Amino acid sequence: MSTKDTDRFETRAIHAGQHPDPTTGAVMTPVYFTSTYAQSGPGEHKGFEYSRTRNPTRDALQGCLASLESGKHGLAFASGLAATDAVLHLLSAGDHMVLSDDLYGGTFRLADKVFKRLGIEQSYVDVTDPKAVEAAMRPNTRLLWVETPTNPMLKICDLAAMAEVCKRRGVISVCDNTFATPYFQRPLELGIDVVAHSMTKYLNGHSDVVAGALVLRRDDLHEKLAFLQNAVGAVPGPMDSFLVLRGLKTLHVRMERHEQNARTVVEALRKHPKVSRVTWPGMEEHPQHALARKQMKGFGGMLTFVIKGGLPAARTFLKSLRIFAVAESLGGVESLIEHPAIMTHASVPPETRRMLGIDDGFIRVSAGIENGQDLVDDLTQALERA
């Protein structure tokens, strides 16, 4: 089995980066449970010395990731934040970076509470406005970090415009593509330098692994990031690598169903009298819907809504659900639901949450791949109790 760049996404999701085991012919990539590798003599090895540096199972995963994102290099990490940490380690004290004002809480915490005290200057801007992004840049700006769709407000930024701004100024551009996945969006094709993922989410898809990834085309950045991957050492074990690799094989099938169910849920919530606002990039009323249609193949399985009645109503609603699991994270085959102000974005200052619109009735939904009508029925009965 082998793949070509001309093979379509679905074929590459199943085969890219993987070959039958040369010893046995096993079709599935073996899980190489080893920390070290025998050498025929000092420095004489088969490309593998120590599993923090390279492991055959992780190599297969990284090859598949690179293919799916239209990249040249893939790097796997022990978590999405470990991948983020490696990127931020490209910076030195006195450097400046620009980040989205609507940002995953863990990314904000890492930047604000860890790297700020190491002397990394930071500006948070509305990345839906390319002019605001460029205005925030300084002579010492080295990095731009964006999400699209953003977490949790689902704002869309123009990746081609972001890439152009960065290229003019010699700034590294990074896009967290966790929500869209390479099935729906490929930032490298739009000029972005580095794509980041929490593979914990859709790429693995089964809520049983914590892992992260970076994908890129630039050889110079790959050399630096591969050094950091090895030097810092936050790499996934072989079993986690195998599980994500297995999850990737059904990514295209799952993402289509996630989006289908999200659309079904959105249509029901928009009609419900206890819901004051629904947000999903697939809605024509979404402020960046036209841009989403232009740079994305689909709109994903993430949506948000605001329940009337504030925190008391939100608590009652969440406790009344039967199918939806009230849990942090997203992107699994099961539907998850959460309250960002209390859960995933608690580390974001209250004033920032209010500015973004993350109020006490704000709910984030990760639509799973169950029967769509069952999901609607569960949300409806819980809303009636709220």
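Look up: the structure comes first, before these words.
The sections below set out a description of the structure shown in this document. (Residues numbered from 1 in each chain as written. Predicted model: local features only at pLDDT ≥ 70, side-chain atom pairs only at ≥ 80, totals over all residues. Heavy atoms only, no water.)

## Points about the overall build of the protein
Formally: Under the DSSP-based scheme used, a helix requires at least four consecutive residues in state H or I and a strand at least two consecutive residues in state E, with every element numbered from the N terminus. The reference for a compact globule is 2.2 Å times residues^0.38; the radius of gyration itself is calculated from the C-alpha atoms. Think of it in three bands: with a 1.4 Å probe and only protein chains considered, a residue is buried below 20% of the maximum accessible area for its type, exposed above 50%, and partly exposed in between. Calculation of accessible area relied on Shrake-Rupley with a 1.4 Å probe; when residues are assessed, cover is drawn exclusively from the protein chains displayed. Charged residues are defined here as Lys and Arg on the positive side and Asp and Glu on the negative side; His and the ends of the chain fall outside this count. Taken as the charge centre is NZ of Lys, CZ of Arg, CG of Asp or CD of Glu, depending on the residue.
For the protein, the count of helices and strands is 14 helices and 12 strands. The C-alpha radius of gyration computed for the protein amounts to 21 Å, which stays within 12% of the reference 21 Å derived for 386 residues, consistent with globular compactness. Taking the principal axes of its C-alpha atoms as reference, the protein extends roughly 75 × 50 × 35 Å. For the protein, with 386 residues in total, the buried portion stands at 56%. Of the accessible surface of the protein, which amounts to about 16100 Å², a share of 52% is contributed by carbon and sulfur atoms. Side chains of the protein carry 44 positive and 44 negative charges; the gap between the two charge centres is 1 Å.

## Observations concerning the packing of helix α3 (residues 80-88) against helix α4 (residues 105-115)
What counts here: Fitted lines through C-alpha atoms serve as axes, helices being fitted only where they are in contact, and the angles separating the N-to-C directions of these axes extend from 0 to 180 degrees. What sets the label is the angle itself: under 35 degrees gives roughly parallel, over 145 gives roughly antiparallel, 65 to 115 gives roughly perpendicular, and the rest give oblique. It is the rotation of the near helix from the far one that decides the hand of a crossing: anticlockwise by less than a right angle makes it left-handed, clockwise makes it right-handed. Note on contacts: a residue pair qualifies if any of its non-hydrogen atoms lie within 4.5 Å across the two residues.
Relative to each other, α3 and α4 sit at 45°, their axes nearing to 10 Å. Between α3 and α4, the angle falls in the class oblique. Seen from above, α3 lies across α4 with right-handed handedness. On α4, the residues touching Leu81, Thr84, Asp85 and Leu88 of α3 are Gly106, Thr107, Arg109, Leu110, Ala111 and Phe115.

## What about the pairing of strand β9 (residues 302-307)?
Successive residues of a regular strand alternate their side chains across the two faces of the sheet. Selection rule: Any two strands with at least two DSSP bridges between them are considered paired.
The buried fraction of β9 is high, at 6 of 6 residues. Sheet topology places strand β8 (residues 275-279) next to β9; 4 bridges connect them, and they run antiparallel. Bridging from a neighbouring strand, Thr279 pairs with Thr304 of β9. Across 5 bridges, the pairing between β9 and strand β12 (residues 362-366) is antiparallel. Looking across to β12, one finds that Met302 is bridged to Ser366.

No statement about biological role is implied by the geometric values presented.
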